[in-house]
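# Residue-level structural notes
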Amino acid sequence: MDTQIQPLQEYLTNMVVPDKRVNIDINPEHITMLHGGKSKKQLSRKKKPSKSSTLTRREYTKLGLHTLPTRQMKYEDVLPLHRLWKGYMKEHLGLNEGDEVPQVYQPGYDAFSKLLVKTDLHGSKMSVIKSRCLTLVGISGIVVMDTKNVLKILGKDDHLRTVPKSECVFSMKFGSMEFIIFGKHLCIRPAERSVKKIKNYIEPFDC
C-alpha cells in the first residue's frame, strides 16, 4: 500500500506553491480514500445502526395500543364518532341524505363502488346480513376499530364484538341509503385501502 501512497503524496505536494510545501501535513488515510481503497482502521469503523422512531407491531401489542376495553365502552359514548363519520361520508362520496346512488346498470356505478370500498369505516353503522358463520348474522352497531381482517362493532347493548371481514356480507347505512359491502373487499388495512388503486371488480362469494 505504501508504494501506492507515495506517488500520490508527491503529486499532492507538487500541486502546492514551493515555499508552502514545508508546511504540508498529509494524512495517509485521506490519500487512501482518494486512491479508492480503505485502510484497516477505516474498515474497522462500523456505523451505529439507527434506531427507528416508529413502533413495531409487537411493541404496539405490548403497549395495548391495538386493544379496546370490552366492558367499559358505552354505545352512547361513540354516537359523536358516528356523527363525525356522516360528515366525512358527505364529503367522501359527495352525497347528501336523500340523494340516489348509481345503479348497477348505470355508467357511474363502477367508480362509485370502488370509492365506497375505500371508505373509512370507523364510526359507521354496520350490520352483518349474511355469513358463513350463522352466529354472526344479525350483529350490528357502530364500528370502533377497523383492522386488516376484522371489524370491532359496539352494539346498542354496549357489547363489543369482533367480526371477521372475509366471512361476512355487511349492510352499511347512511341516512336513508343502504349499501351492501362484501367483506372480502375490505381485507386491507384502512390506511392502505384508502389509497389502493382498485382495477377490477371482484365477484362476491356465495355464503
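The structure this text deals with has already been given above.
Heads up: these notes are all about the structure in this document. All values derive from a computational prediction rather than experimental measurement.

### Quick notes on the overall build of the protein
Across its full length, the protein holds seven helices and six strands. The helix and strand sequence of the protein, counted from the amino end, reads α-α-α-α-α-α-β-β-β-β-β-β-α. Taken across its 207 residues, the protein has 29% of its residues classed as buried. Across the protein, every contact between residues at least 6 apart in sequence was considered, and the portion connecting residues at least 24 apart equals 52%. Of the roughly 14,600 Å² that the protein leaves accessible, carbon and sulfur atoms contribute 54%.

### Re the nonpolar core
In summary, soluble globular proteins display a tendency toward joint burial of nonpolar side chains. Residues Met-126, Met-172 and Phe-179 are the most contacted members of the largest nonpolar core, which totals 24 residues. The set of elements that each furnish at least two residues to this core consists of helix H5 (79-93), helix H6 (109-117), strand S1 (125-131), strand S3 (150-154), strand S5 (168-174) and strand S6 (177-182). A per-element tally of this core places S5 first, with four residues. Listed in part, the seven residues of the second largest apolar core include Met-73, Ile-142, Leu-154 and Leu-160.

### Description of the environment of Lys-125
Along the chain, Lys-125 turns up in strand S1. Each C-alpha atom, one on Lys-125 and one on Gly-155, is 9.5 Å from the other, the two residues being 30 residues apart in sequence. Not counting residues up to four positions away in its chain, the partners in contact with Lys-125 are Tyr-75, His-82, Gly-141, Ile-142, Ser-171, Met-172 and Lys-173.

### Here's the deal with H6
Residues of H6 that are buried: Phe-112, Ser-113, Lys-114, Leu-116 and Val-117. On its buried face, H6 is in contact with H5, S5, S6 and helix H7 (190-193).

### Comments concerning the environment of Ser-176
One can find Ser-176 in the loop between S5 and S6. Residue class for Ser-176 comes out exposed when judged on its relative accessible area of 62%. In the structure, Ser-176 is positioned 76 residues away from Glu-100 in sequence and 9.6 Å away in space, judged by C-alpha atoms.

### Points about the side chain of Ser-131
In this fold, Ser-131 is placed in strand S1. Among the polar contacts listed, one links the side chain of Ser-131 to the backbone nitrogen of Cys-133, at a separation of 3.0 Å. Of the polar contacts made by the side chain of Ser-131, one reaches the backbone oxygen of Glu-167; its length is 3.0 Å.

### Regarding the state of the cysteines
For the coordinates displayed, the defined rule picks out zero disulfides. Counting only cysteine sulfurs, Cys-168 is the nearest neighbor of Cys-133, a cysteine outside any disulfide, at a range of 7.6 Å. For Cys-133, a relative accessible area of 33% gives the class partly exposed.

### Thoughts on the environment of Ser-171
Structurally, Ser-171 can be placed in strand S5. C-alpha separation for the pair Ser-171 and Ile-181, spaced 10 residues apart in sequence, amounts to 6.3 Å. With sequence-adjacent residues up to four places away left out, Ser-171 is seen in contact with Lys-125, Met-126, Ser-127, Ile-129, Glu-178, Phe-179 and Ile-180. A polar contact is formed between the side chain of Ser-171 and the side chain of Glu-178, at a distance of 2.4 Å.

### Looking at the pattern of salt bridges
By the definition in use, this model includes five salt bridges. A salt bridge links Lys-165 to Asp-146; its shortest N-O distance comes to 2.6 Å. Note that Lys-165 is positioned in the loop between strand S4 (160-164) and S5 and Asp-146 in strand S2 (residues 140-146), a separation of 19 residues in sequence. Take Asp-146: its relative accessible area is 5%, and that puts it in the buried class. Arg-161 serves as the salt-bridge partner of Asp-157, at 2.7 Å between the closest nitrogen and oxygen. The partly exposed category is assigned to Asp-157, whose relative accessible area is 48%. In this structure Arg-161 comes out as partly exposed when scored by relative accessible area, which is 26%. Each of Asp-146, Lys-165 and Arg-193 takes part in salt bridges that share partners, so that together they form one network.

Parameters at a glance
- Residues numbered from 1 in each chain as written.
- Predicted model: local features only at pLDDT ≥ 70, side-chain atom pairs only at ≥ 80, totals over all residues.
- Heavy atoms only, no water.
- Helix = DSSP H or I, 4+ residues; strand = E, 2+ residues; numbered from the N terminus.
- Buried < 20%, exposed > 50% of the residue type's maximum accessible area, 1.4 Å probe, protein only.
- Contact = heavy atoms within 4.5 Å.
- Areas by Shrake-Rupley, 256 points an atom, 1.4 Å probe, with all protein chains shown as cover.
- Core = buried A, V, L, I, M, F, W, Y, C linked by side-chain atoms within 4.5 Å.
- Polar contact = N/O pair within 3.5 Å; in protein donor to acceptor, adjacent residues only side chain to side chain.
- Disulfide = S-S within 2.5 Å.
- Salt bridge = Lys/Arg side-chain N within 4 Å of Asp/Glu carboxyl O.

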